[in-house]
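Working through the structure, step by step
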Amino acid sequence: MSLLKLEDVSLNYHSPKGETIALQNISFDVNDNEFIAIVGPSGCGKTTILSLISGILKPSSGRIIRNDNSENFIGYMFQRDHLFEWRTIWQNVILGLEIQKKKNSQNFEYINSLLQKYGLYDFKDKFPRELSGGMRQRVALIRTLALNPKVLLLDEPFSALDYQTRLNVCDDVNNIIKSEKKTAILVTHDISEAISMADRIIILTPRPAKVKKIVELDLQKYGTPFQRRECSEFSKLFNEVWKDLEN
Amino acid sequence: MKHSKENYSKEHLLYLKKRKNNKIIVLSSQIGLLVFFIFMWELLAKIGAINSFITSSPSKIINTLGELWTSGDLFKHMGVTLFETLAGFFITTILGTLIAIILWWSEMTRKILEPYIVVLNSLPKIALGPLIIIWVGSGTSAIITICVLICIIITIITMLNAFLSCDEDKILLMKSMGASKFTILFKLVLPYSAPNFISMLKINVGMSWVGSIMGEYLSSSAGLGYLIVYGSQVFRLDLVMTSTVLLCILAGLMYFAVALLEKYYNKKHR
C-alpha cells in the first residue's frame, strides 16, 4: 500500500481578476522510502503541490490520502535554510521540539546523534553566520528530522547554493535521507538534480499543471547522486525529460 | 589563515597602526572642532565682533549655570524635562509596539485602520496641542500626552513594517512544525524585528525630545523648554542658550544609552 496518494487533485486560485486553474487532475502515489522528484516549467505550481500535501492548502477538488497517522507526518525543507540568526545551531535544531513541547532527553539524544553523525556536533554552540552554506543546509535538514517526519518535502533546497556546494550537499542530503529511511518529495527545475536523486520523476505541464509523464529511474545501483551523474544512461534520460518539458 | 598576535606580519602591523592612527585623527578633530568653536565664540564676544546680548557667550553660559545651580533650579528644570521625555519615550515604545502587534495579528483590523493611520501620520500633531490641554489639563500630563502623540504613529508604522517584512517561508516553516500564531509571534516575529526595534528606539530618542519641548512651549511652569520660552520673552538669551546646551547634553546621553544597547545586542547576536 502506498504511503501517500493524490487522487484527481485540482486547485483553483482566486484573485480579483478572476479564477486561475493552478492544478488539474493531478494523481500519483508515493511509496514508503521512495524518492520522488517533481519537475515542471517555472510557475506551473510545483510548490503548490507541496503545500497541498502538507495541508497548508486544501484542494478545490480531489483527495489526498495518507496511509499513516503519525503526528509529524510532514517535514518541510526550503530553498533557503531559514535558520534563525539569533539562535545557536543547537537552539535552531530543537525549534520544532520547542514548538511541540517535546523537549526531553530522549529526543535530545536523537538530535545529538544526528549532529554527531553528520559532522555538526562541534558547531552546536555556534551561530548560523559562522557556518558555510552547505553546513547550514545540513543543519536545516536536521532541524526538520528532529521531529521525526515520515515524508520530507524538499522545495528546491539546493538552488540557493553555488554549483560546487550544491553537488556536495546533494550527496549529503541524499545520504541522510537514505540512512534515516525517509520518504522524500523533491520539487526542482533542475533536470539533472532530479535524475541524480530520484527513484521516480513526475513531469508536469505548464499551467494549468497536469501530470504529463512519470519516468521510472533505476540509477540507485550507481551510488551517490554525484556518481549517478556520470553513468551512461544519464544524458539519455536528461534528453528525454528535457523534451517532455519542452513540448 | 589567522595568525596569533605574536606573529603578525609586518604588513598587518602596519595596517593595524594605520587604522589606529585614523581613529586618533577623527577623535582629536572632533574634540578640536568643539574647542575651536567655543574658543571663537568667546573670543568674538569678548572683542565685541558679535553682540553677546543676542548670542550669549560660553562664559556667560557657565555663569548662568552657576546661578541655576545655587538657586537649586538647575536639577529641577532638567529633572522635569527628563521625566517628561522618558515617560513619553517609554509609553510610546510600549504602546506603539503593542498596537503594531495587534495590527500584525489581525489583517482585518489593519485594513480597517489603515486610512486613519495614514491621515494621523501626516497630521501635524502639535495642532492638537490646545485641544489636549483642554482635555487632560495643562502641565505634565498634557506634555506627556503631546509627546506620545508626536512619536506613536511613526512607531506603529515602523514596527508594523518590521513585523510584516518577516519572511513568509519562515512563517510557513513554523506552521509546518505546528506553531500557533502566538508561538510564531514570540519565537520568530519579535526576535526577527529586534534590529528594527533598536533603530526605532533611536528615532524615538529624538522624537520624544521634540515632543516634550513642544509640550512645554504650549503649557508649562518648569523644564528646559519652559526656560527657553521664558528666557526669550524676558530677553535673557543667556538662559535660552544655557537651556539649549543642557538639552544637547541630555539628548546626547540618551542617544548614547540606546547606542550602548545596540552594541550589546550586536555583540550577542551578530
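Residues numbered from 1 in each chain as written. Chains lettered and ligands numbered in written order. Predicted model: local features only at pLDDT ≥ 70, side-chain atom pairs only at ≥ 80, totals over all residues. Heavy atoms only, no water.

Brief notes about the pairing of strand S7 (residues 183-188) of chain A
Residues and elements named next belong to chain A. Counted only if it meets this: Buried, partly exposed and exposed residues are distinguished by accessible area as a fraction of the type maximum, computed with a 1.4 Å probe on protein chains only: under 20%, between the cut-offs, and over 50%, respectively. Strands are runs of DSSP state E lasting at least 2 residues, helices are runs of H or I lasting at least 4, and numbering of each runs from the N terminus. Pairing between strands is defined by DSSP: at least two bridges between them are needed. Whether a crossover is right-handed comes down to one check: with the strands pointing away from the viewer, does the path from the first strand over the helix to the second run clockwise; if it does, it is right-handed.
Among the six residues that make up S7, six are buried, leaving the element largely enclosed by the rest of the structure. Burial along S7 is two-sided: Thr 183, Ile 185 and Val 187 facing one way and Ala 184, Leu 186 and Thr 188 facing the other are all buried. As defined by bridge partners, strand S3 (residues 35-39) adjoins S7 across five bridges and the pair is classed as parallel. Residue Ile 36 lies in a different strand from S7, and its bridge partner there is Ile 185. As defined by bridge partners, strand S6 (residues 151-155) adjoins S7 across five bridges and the pair is classed as parallel. What sits directly across from Asp 155, in S7, is Val 187. Between the parallel pair S6 and S7, the chain is carried across by helix H6 (residues 163-179), and the sense of this crossover is right-handed.

Quick look at the packing of aromatic side chains
By convention here, two paired aromatic rings are described through the distance between centres and the angle between planes. Rules: Each Phe, Tyr or Trp ring, with Trp reduced to its six-membered ring, pairs with another whose centre is within 6.5 Å; inter-plane angles below 30 degrees give stacked pairs, above 60 give edge-to-face pairs, and intermediate values give tilted ones. When the NZ atom of lysine or the CZ atom of arginine is within 6 Å of a ring's centre and also within 35 degrees of its normal, the charge is said to sit over that ring.
Summed over all chains, the structure comprises twelve aromatic pairs over all chains. Note on Trp86(A) and Tyr192(B): the rings are 6.4 Å apart at their centroids and 75° apart in plane angle, and the pair reads as edge-to-face. Here Trp86(A), found in the loop between strand S5 (74-77) and helix H2 (89-93), pairs with Tyr192(B), found in helix H9 (residues 181-192), and the two come from separate chains. Taking relative accessible area as the criterion, Tyr192(B) reaches 28% and is therefore assigned partly exposed. Relative to Trp41(B), the ring of Phe37(B) lies with its centre 5.8 Å away and its plane at 45°, an arrangement referred to as tilted. Taken as a pair, Phe37(B) and Trp41(B) lie in helix H1 (residues 10-46) at a separation of four residues, close to a single helical turn. Residue class for Phe37(B) comes out exposed when judged on its relative accessible area of 52%. Take Trp41(B): its relative accessible area is 17%, and that puts it in the buried class. What links up through ring pairs into an aromatic cluster is the set Phe84(A), Trp86(A) and Tyr192(B). Just above the ring of Trp90(A) sits the side chain of Lys124(A); from NZ or CZ to the centre is 4.7 Å. Here the basic side chain of Lys181(B) rests over the ring of Trp104(B), its NZ or CZ set 5.4 Å away from the ring centre.

What about the interface of chain B and chain A?
Note the following rule: Every residue pair with non-hydrogen atoms within 4.5 Å of one another is taken to be in contact. Put simply, buried area is the surface a 1.4 Å probe can reach on two separate parts but cannot reach once they are joined, added for both. Should a side-chain nitrogen of Lys or Arg be within 4 Å of a carboxyl oxygen of Asp or Glu, the pair is scored as a salt bridge. N or O atoms closer than or at 3.5 Å make up a polar contact, with two conditions inside protein: a donor-capable atom paired with an acceptor-capable one, and, for residues adjacent in sequence, both atoms drawn from side chains. Residue type decides the class: Asp, Glu, Lys and Arg count as charged, Ala, Val, Leu, Ile, Met, Phe, Trp, Tyr, Cys and Pro as nonpolar, and the leftover types, Gly among them, as polar.
Each side of the interface is counted separately: chain B has 18 residues, and chain A has 20 residues. With both chains or domains summed, chain B and chain A bury close to 1,800 Å², and 68% of this area falls on carbon and sulfur atoms. The three residues of chain B that bury the most area against chain A are Leu173(B), Met177(B) and Lys187(B), which together make up 35% of that side's buried surface. Our count for the chain B to chain A interface comes out at two salt bridges. With a closest N to O distance of 3.3 Å, Arg80(A) and Asp167(B) form a salt bridge. Scanning the region where chain B abuts chain A turns up four residue pairs in polar contact (both at pLDDT 80 or more). Within the residue set of the side of chain B that touches chain A, elements represented by two or more residues are helix H8 (168-176), H9 and helix H12 (237-269) of chain B. Considering every element that reaches the side of chain B that touches chain A, the biggest residue donor is H8(B), with six residues. Its residues assigned to classes, the side of chain B that touches chain A shows eight nonpolar, four polar and six charged.

Side note on the domain arrangement of chain B
Residues and elements named next belong to chain B. Filter applied, for reference: How far each domain reaches was decided by an automatic or database domain assignment.
Domain parsing of chain B yields domain 1 (9-50) and domain 2 (58-269). On a C-alpha basis, the centres of domain 1 and domain 2 stand 32 Å from each other. On the side of domain 2, four residues touch domain 1, which itself brings four residues to the contact. For the pair domain 1 and domain 2, the two sides together bury roughly 340 Å², of which 73% comes from carbon and sulfur. Of all residues in domain 1, the largest losses of buried area upon contact with domain 2 belong to Ile 38, Trp 41 and Glu 42, amounting jointly to 95% of the total for that side. Taken together, the links from domain 1 to domain 2 amount to zero salt bridges. Across the contact surface, domain 1 and domain 2 share one residue pair in polar contact (both at pLDDT 80 or more). Partitioning the side of domain 1 that touches domain 2 into residue classes produces two nonpolar, no polar and two charged.

With respect to the layout of surface pockets
Remark: the empty space left among the atoms is shown by a probe the size of a water molecule rolled over them. Residue and element names in this part refer to chain B. Convention followed: Both site types are read off a 1 Å grid over the protein atoms alone. A 1.4 Å probe that fits but cannot get out defines a cavity, while an open set with protein on both sides within 12 Å along at least five of seven lines defines a pocket; lining residues have an atom within 4 Å of a point. Grid points are joined across faces, edges and corners, and a volume is the space filled by probe spheres set on the points.
Approximately 310 Å³ is the volume found for the largest pocket. If you trace the largest pocket, you find 14 residues lining it, with Trp 104, Glu 168, Ile 171, Lys 175 and Lys 181 closest to the centre. For the lining of the largest pocket, the secondary-structure elements that each account for two or more residues are helix H4 (73-105), helix H5 (107-122), helix H7 (140-164), H8 and H9. It is H8 that provides the largest number of residues to the lining of the largest pocket, a total of four residues. When grouped by side-chain class, the residues that make up the lining of the largest pocket number eight nonpolar, one polar and five charged.

Some remarks on empty space enclosed by the protein
Under the counting rule described, the total for this entry stands at one cavity of 30 Å³ or more. Here the largest cavity is characterised by a volume of approximately 60 Å³. Around the largest cavity, the lining residues are Ile74(A), Gly75(A), Tyr76(A), Thr144(A), Leu147(A), Pro149(A), Leu173(B), Ser176(B) and Met177(B). Of all the elements in the fold, those that place two or more residues in the lining of the largest cavity are S5 of chain A together with H8 of chain B. When residues of the lining of the largest cavity are assigned to their parent elements, the largest contribution, three residues, is made by S5(A). Residues belonging to the lining of the largest cavity are distributed by class as follows: six nonpolar, three polar and no charged.

A look at unusual backbone geometry
With an omega of -5°, the peptide bond between Arg207(A) and Pro208(A) qualifies as cis. Its place among the elements puts Pro208(A) in the loop between strand S8 (200-204) and strand S9 (211-216).

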